[in-house]
Amino acid sequence: MRGFRGIRGSLALIGTLSAATAALAEEPAAATPPVQVVTAVVGGKNVYIPSTIALAAQRAASLSLFNTTDKPHGFAIPALDIEVVVPEQVEQRIELPALPAGLYRIHCQLHEAHRSATLLVVDD
Ligand SMILES: [Cu+2]
């Protein structure tokens, strides 16, 4: 039974954190830390980490794109007409507008073999 109470306690904590997150949601986007995305080589493949980037719908957000590799890489979201090139070993910020919920494909416009990612925008 102790384990069960432990889970309930954790759920209560999650509820508290959700309330805190909701309070933060009232802040303008500039006050919210950027969501961090890294381009890295994993197993010989260029990948985005994380490969699924989750954002709240209807809220502007900043992405910090850090290219840890030794080559420039792209970051394109065709549905949003976003296409940037991040030089090697550079961290670059991009601003996303408030978006409707949905799935948005992310890919590297420079390298077809670079593994793609997904922007998941959800109602909260
Ligand atoms: Cu690439």
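(A) Local environment of the overall build of the chain. Looking only at helices and strands, one finds 1 helix and 9 strands in the chain. Order of helices (α) and strands (β) in the chain, N terminus to C terminus: α-β-β-β-β-β-β-β-β-β. A buried classification covers 16% of the 124 residues belonging to the chain.

(B) Just the nonpolar core, in detail. By size, the foremost hydrophobic cluster in this structure holds 16 residues, and its most contacted members are Ile106 and Leu119. Elements supplying a minimum of two residues to this core: strand E3 (52–56), strand E4 (61–67), strand E5 (73–77) and strand E9 (117–122). Ile106 has contacts with Tyr48, Phe75, Ala76, Ile77, Ser116, Ala117, Thr118 and Leu119, leaving out every residue within four places of it along the chain.

(C) Quick peek at the confidence of the model for the chain. For the chain, the average pLDDT comes to 85, and 75% of its residues sit at 70 or higher. Under a pLDDT of 50 for its full length, residues 1–23 has, in the predicted model, 0 contacts with residues more than four places off or in other chains.

(D) Quick peek at the pairing of E3. The alternating pattern of E3 places Ile53 and Leu55 on a buried face and Thr52, Ala54 and Ala56 on a face that is not buried. As defined by bridge partners, E3 adjoins E9 across 5 bridges and the pair is classed as parallel. Pairing of Thr52 across the sheet is with Thr118, part of E9.

(E) Seen up close, the sheet that holds strand E2 (residues 45–49). The mixed open sheet is built from 4 strands, whose spatial order is E2-E1-E4-E7. Both edges of this open sheet fall to E2 and strand E7 (91–96), since each of them pairs with a single strand only. Each strand of the sheet is rotated relative to its neighbour by a mean of 20 degrees, with strand direction disregarded. As judged from the 5 bridges shared by strand E1 (residues 35–42) and E2, these two strands associate in the antiparallel manner. What sits directly across from Thr39, in E2, is Tyr48.

(F) Just unusual backbone geometry, in detail. With omega at 0 degrees, the peptide bond leading from Ile49 into Pro50 counts as cis. Tracing the chain through its elements places Pro50 in the loop between E2 and E3. Of note in the backbone geometry, Gln89 takes a positive phi value of approximately 60 degrees without being a glycine. With respect to the helices and strands, the residue Gln89 is situated in the loop between strand E6 (82–86) and E7. Gln89 gets classed as exposed once you count the C-beta atoms within 10 Å, which come to 12.

(G) Layout of the sheet that holds E9. Here we have 3 strands laid out as an open sheet, ordered E3-E9-E8, and mixed in their pairing. The sheet terminates laterally at E3 and strand E8 (102–106), the two strands that pair on one side only. For this sheet the average axis-to-axis angle between neighbouring strands, irrespective of direction, equals 20 degrees.

(H) Seen up close, the environment of Gln92. Topologically, Gln92 is positioned in strand E7. Contact partners of Gln92, with chain neighbours within four places excluded, come to Leu65, Val84 and Val86.

Cut-offs and rules
Residues numbered from 1 in each chain as written. Predicted model: local features only at pLDDT ≥ 70, side-chain atom pairs only at ≥ 80, totals over all residues. Helix = DSSP H or I, 4+ residues; strand = E, 2+ residues; numbered from the N terminus. Buried ≥ 20, exposed ≤ 12 C-beta atoms within 10 Å, placed from the backbone. Core = buried A, V, L, I, M, F, W, Y, C linked by C-beta atoms within 7 Å. Contact = placed C-beta atoms within 7 Å. pLDDT = per-residue confidence, 0-100. Pairing = 2+ DSSP bridges. Axes fitted to C-alpha atoms, helices over the stretch in contact; angles between N-to-C directions.

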